[in-house]
Amino acid sequence: MHDRLVAIEGIVAQHRHEHGALLSILEEVQRTSEHNYLSKDELAHVARSLTLPLTDVYSVATFYAFFNLKPQGEHVITVCRGTACHTRGSKPLLEKVLTYLGISLEDDGSATTADCRFTVHTVACFGQCALAPVVSVDGVIHSRVTEKELLSFIDALAQPKEVVV
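First things first, this report covers the structure right here in the doc. (Residues numbered from 1 in each chain as written. Predicted model: local features only at pLDDT ≥ 70, side-chain atom pairs only at ≥ 80, totals over all residues. Heavy atoms only, no water.)

Okay, helix H4 (residues 54-63) next. One full turn of an α-helix is made of 3.6 residues, so residues set three or four places apart face in the same direction. For H4, the set of buried residues is Val57, Val60 and Ala61. Buried residues in H4, looked at end-on, bunch into an arc of 95°, giving them a common side. Facing away from the buried side of H4 by more than 90 degrees, the exposed set consists of Thr55 and Phe63. Considering only its buried residues, H4 is in contact with helix H2 (21-31) and helix H3 (40-50). (Buried < 20%, exposed > 50% of the residue type's maximum accessible area, 1.4 Å probe, protein only. Helix = DSSP H or I, 4+ residues; strand = E, 2+ residues; numbered from the N terminus. Arc of directions from axis to C-beta. Contact = heavy atoms within 4.5 Å.)

Quick look at unusual backbone geometry now. Omega for the peptide link from Ala132 to Pro133 comes to -5°, which places this bond in the cis form. Examined against the element boundaries, Pro133 turns out to sit in the loop between strand S3 (118-123) and strand S4 (135-137). The phi dihedral of Asn36 is positive, around 55°, even though this residue is not glycine. Structurally, Asn36 can be placed in the loop between H2 and H3. For Asn36, a relative accessible area of 33% gives the class partly exposed. Of note in the backbone geometry, Cys116 takes a positive phi value of approximately 55° without being a glycine.

Along the chain, Ser136 turns up in strand S4. For the pair formed by Ser136 and Glu147, sequence separation is 11 residues and the distance between their alpha carbons is 14 Å. The residues contacting Ser136, other than those within four sequence positions of it, are Val76, Ile77, Thr78, Phe126 and Ile141.

The geometry of helix H6 (residues 90-101) relative to helix H7 (residues 147-158) is characterised by a closest axis approach of 10 Å and an angle of 35° between their N-to-C directions. The element H6 and its partner H7 pack so that their crossing is right-handed. Counting all contacts with H6, which are made through Pro92, Leu93, Lys96, Val97, Tyr100 and Leu101, the residues of H7 involved are Glu147, Leu150, Leu151, Ile154 and Asp155. A breakdown of the residues in the contact of H6 with H7 according to their chemical character gives 8 nonpolar, no polar and 3 charged. (Axes fitted to C-alpha atoms, helices over the stretch in contact; angles between N-to-C directions. Left-handed = near helix turned anticlockwise from the far one by under 90°. Nonpolar A, V, L, I, M, F, W, Y, C, P; charged D, E, K, R; others polar.)

Here we take up the side chain of His45. Structurally, the position occupied by His45 is in helix H3. If we skip the residues at most four places from it in the chain, His45 touches Leu5, Ile8 and Glu9.

Another aspect to go through is the sheet that holds strand S1 (residues 75-80). The strands making up a sheet associate through hydrogen bonds between their backbones, and the pairing can be parallel or antiparallel. If you walk across this open sheet you meet the 5 strands as S2-S3-S1-S4-S5, and the pairing is mixed. Each edge of the open sheet carries a strand with a single partner, namely strand S2 (110-112) and strand S5 (140-142). Across the sheet, the mean angle from the axis of one strand to that of its neighbour is 20°, orientation sign disregarded. Across the sheet, H6 lies against S1, S2, S3 and S4, angled at about 160° from S3, the strand it touches most. Against the sheet, H7 engages S1, S3, S4 and S5, with an angle of about 10° to S4. (Pairing = 2+ DSSP bridges.)

Its place among the elements puts Ser33 in the loop between H2 and H3. Given a relative accessible area of 11%, Ser33 falls into the buried group.

What follows concerns the environment of Asp56. Secondary-structure assignment places Asp56 in helix H4. For Asp56, a relative accessible area of 38% translates into the label partly exposed.

What follows is the structure in structure tokens.
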């Protein structure tokens, strides 16, 4: 953890005098973390480094949906739960992917596998209603997704990566 705190000091030093420094700092701290999230220790260290109350830093981290306070999976699947997607089958898609991965949604609408390979999120709307149901896999939007397609995406991502020699 010591190396991580030193790295955070560097991030704080780099952004300290920028307008909106806290957002930039939290973004970079999260982006450079192993599982794309802000730990309690990291939030506390940022607060101390900027001489801000921890409550201020926590308020920013919880206000913006971009920030994660729990470890995220290597692969992120986001299922739209908007009205159009719901009426076109996003709930069964969500249930299928959760069952397939052996996880359950938590109160915040997300779940991560124990091995941190996959995280499943829900969103209120992607704004792609005509293409419902919509699912994002690692940031790539897929439209009119079927259960079979979604499971094939997961299976492909679960395959070991080829090593190029």
